[in-house]
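Fold and contact review
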Amino acid sequence: MQVTKMASLRWGFHCGSWVPTQPEWTRAAQCVQPEEKERIGRFVFKKDAKSAMVGRLLLRKAIADTLHIPYNDIRLARTEKGKPYLTNAVPANFARFNFNISHQGDWAVLAAEPTRQVGVDVMKIELSRGNKSVTEFLDTFQRQFTVQEMRTIKAPLTEKGQLAMFYRHWCLKESYVKALGIGIGFTLQRLDFRINTHDLSTETIVQDTQVLVDNESDESWIFEETCLDQDHCVVTACKCDKQCNRKEITGHRPCHPFVVQTINTLLSGAQIQSGEDIQYWEKFCEKLDQPTGR
C-alpha cells in the first residue's frame, strides 16, 4: 500500500446550522461503528447527538483519506481517558499519525498531524447557565488558572472581552492536555500561558503564545489560535520534535486553517457498517434540541 506524504489537517463542521434529514441521519448512523452509534443514541439532546455523530464522521473521513485504509476496516477505540485512537496497523511512515477532535457550541473540529502530538479544543464565548455575572463566573475557575493568567483574563475593559480571554485560556489548557491524552486528573494550574498577541480574529492564526509547565518554559509546544466566527475560539496544540525551530514558525499566518466540511463531504466515500434503522431516526426526532433556557 503506497501512502503519499500527509499534510496537517484542520477541519471544521458547523453543527449549529445542520438540521439532519431522515436520509442524512440514517445514513450517518450506518457509517459509524455500531458501538458508537449506540453511544450517540444515548444523548438526551439533539445538539449533543449531532456533535458526537459529526465527530466520528470527521475521524473516519480523515483516516480513510489520509491512510487509505478501507472505510469498512477502520477500527477506533478509546483510551482510559477517553481519547479516540486507531487500532489498525498503519504504514511505518505513519506510525506517529495523531488526531484529535473537539465539539462545543455550534462547531465540531478535527486536527490531525503526520508526526506531531496534537490536541484541539473549541469553545463558544458565552456566559454559562446559572451564573449571574461574568465576575461570578470567572471566580469559580480561580483554581484552574495562575495568578498571572487571571490578571490577563480580567484585563479587558468589557465583559465580552473578559469572556473571550477566559475561553482562549481554557482552550489553550485543554488542547495541551488533550494532546498528551491525560484528561481528567491533570492539575491545570501547572500550566501558565503567556499571551503575546491579545486579539484573535477569523483572518489570522496566532502562534506566539508560550507555556510554562511547573514554572519552566517549554519551547517544544506550538499553539495555533484563531476564531471560527465571532462567537467561537479554537486552539490547536502541537508538540514539536527536538529539532523543531520554534522561532521560525511562530507569529501570524494570514490564512484560516480550518476547512469547513458539509454532511455531503463527510458521507462522500463513506461505507455502510450496519443496516438501516428507522427507529434510530424516530428516537432522534423525539429528543429536545438542547436544554431549555439556552
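Right above here is the structure, for reference.
Residues numbered from 1 in each chain as written. Predicted model: local features only at pLDDT ≥ 70, side-chain atom pairs only at ≥ 80, totals over all residues. Heavy atoms only, no water.

1. What to know about the overall build of the chain
Along the backbone of the chain there are nine helices and 14 strands. C-alpha atoms of the chain, sized along the principal axes, occupy 55 × 50 × 35 Å. Going through the 294 residues of the chain one by one, you find that 50% of them count as buried. Long-range pairs, those at least 24 residues apart, make up 66% of the contacts in the chain between residues at least 6 apart in sequence. Where the 38 positive side-chain charges of the chain centre and where its 36 negative ones centre are 2 Å apart. (Helix = DSSP H or I, 4+ residues; strand = E, 2+ residues; numbered from the N terminus. Buried < 20%, exposed > 50% of the residue type's maximum accessible area, 1.4 Å probe, protein only. Contact = heavy atoms within 4.5 Å. Lys, Arg positive; Asp, Glu negative; His and termini not counted. Charge placed at Lys NZ, Arg CZ, Asp CG, Glu CD.)

2. Describing the packing of aromatic side chains
For the coordinates displayed, the defined rule picks out 20 aromatic pairs. Taking the centre distance of 5.5 Å and the plane angle of 75 degrees together, the rings of phenylalanine 141 and tryptophan 170 count as edge-to-face. Of this pair, phenylalanine 141 sits in the loop between α4 (134-139) and α5 (147-154) while tryptophan 170 sits in helix α6 (residues 159-180); the two residues are 29 residues apart in sequence, bridging distant segments of the chain. Of the residues examined, tryptophan 170 reaches a relative accessible area of 18% and is grouped as buried. Note on phenylalanine 166 and tyrosine 167: the rings are 4.9 Å apart at their centroids and 75 degrees apart in plane angle, and the pair reads as edge-to-face. When sorted by exposure, phenylalanine 166 lands in the same class as tyrosine 167, which is buried. Among the aromatic side chains, those forming a connected cluster through ring pairs are Phe13, Trp18, Trp25, Tyr280, Trp281 and Phe284. (Phe/Tyr/Trp six-rings, centres within 6.5 Å; stacked < 30°, edge-to-face > 60°.)

3. What to know about the sheet that holds strand β10 (residues 216-217)
Strand pairing in a sheet relies on backbone hydrogen bonds. The paired strands run either parallel or antiparallel. Strand order in the open sheet formed by three strands is β7-β9-β10, with antiparallel pairing between adjacent strands. In this open sheet, the two edge strands, each paired with only one partner strand, are β7 (191-194) and β10. For strand β9 (residues 210-213) and β10, the ladder comprises two bridges, and the chain directions are antiparallel. For valine 213, the partnering residue across the bridge sits in β10 and is glutamate 216. Helix-sheet contacts for α6 involve β7 and β9, and the interaxial angle to β7 is about 130 degrees. (Pairing = 2+ DSSP bridges. Axes fitted to C-alpha atoms, helices over the stretch in contact; angles between N-to-C directions.)

4. What to know about the pattern of salt bridges
According to the stated counting rule, one finds 17 salt bridges in the structure shown. With its nearest N and O atoms 3.0 Å apart, the salt bridge here joins aspartate 277 to lysine 37. Taken together, the positions of aspartate 277 in the loop between α8 (263-267) and α9 (278-286) and lysine 37 in helix α2 (residues 34-41) put the pair 240 residues apart, joining distant regions of the chain. For aspartate 277, a relative accessible area of 27% corresponds to the partly exposed category. The partner of aspartate 139 in a salt bridge is lysine 154, with the nearest N and O atoms 3.3 Å apart. Remark: lysine 154 occurs in helix α5 and aspartate 139 occurs in helix α4; sequence separation between them is 15 residues. A relative accessible area of 35% means that lysine 154 is categorised as partly exposed. One network of salt bridges, with partners in common, ties together Arg10, Glu113, Arg116 and Glu224. (Salt bridge = Lys/Arg side-chain N within 4 Å of Asp/Glu carboxyl O.)

5. Here's the deal with the side chain of serine 51
Mapping serine 51 onto the fold places it in helix α3 (residues 46-67). Of the polar contacts made by the side chain of serine 51, one reaches the backbone oxygen of lysine 47; its length is 3.1 Å. Apart from residues lying up to four places away in sequence, serine 51 is in contact with Cys15, His103 and Ala108. (Polar contact = N/O pair within 3.5 Å; in protein donor to acceptor, adjacent residues only side chain to side chain.)

6. Quick word on unusual backbone geometry
The phi angle at histidine 68 is positive, at roughly 60 degrees, despite the residue not being glycine. Phi at asparagine 215 is positive, roughly 70 degrees, even though this residue is not glycine.

7. Some points on the sheet that holds strand β4 (residues 98-104)
Read across the sheet, four strands follow the order β4-β5-β1-β14 without closing on themselves; strand pairing throughout is mixed. Strand pairing shows two members of the sheet lacking a second neighbour, β4 and β14 (259-260), which therefore form its edges. Relative to β14, strand β1 (residues 9-14) runs parallel, the two being bridged by two bridges. Considered in β14, the bridge of tryptophan 11 is made with valine 259.

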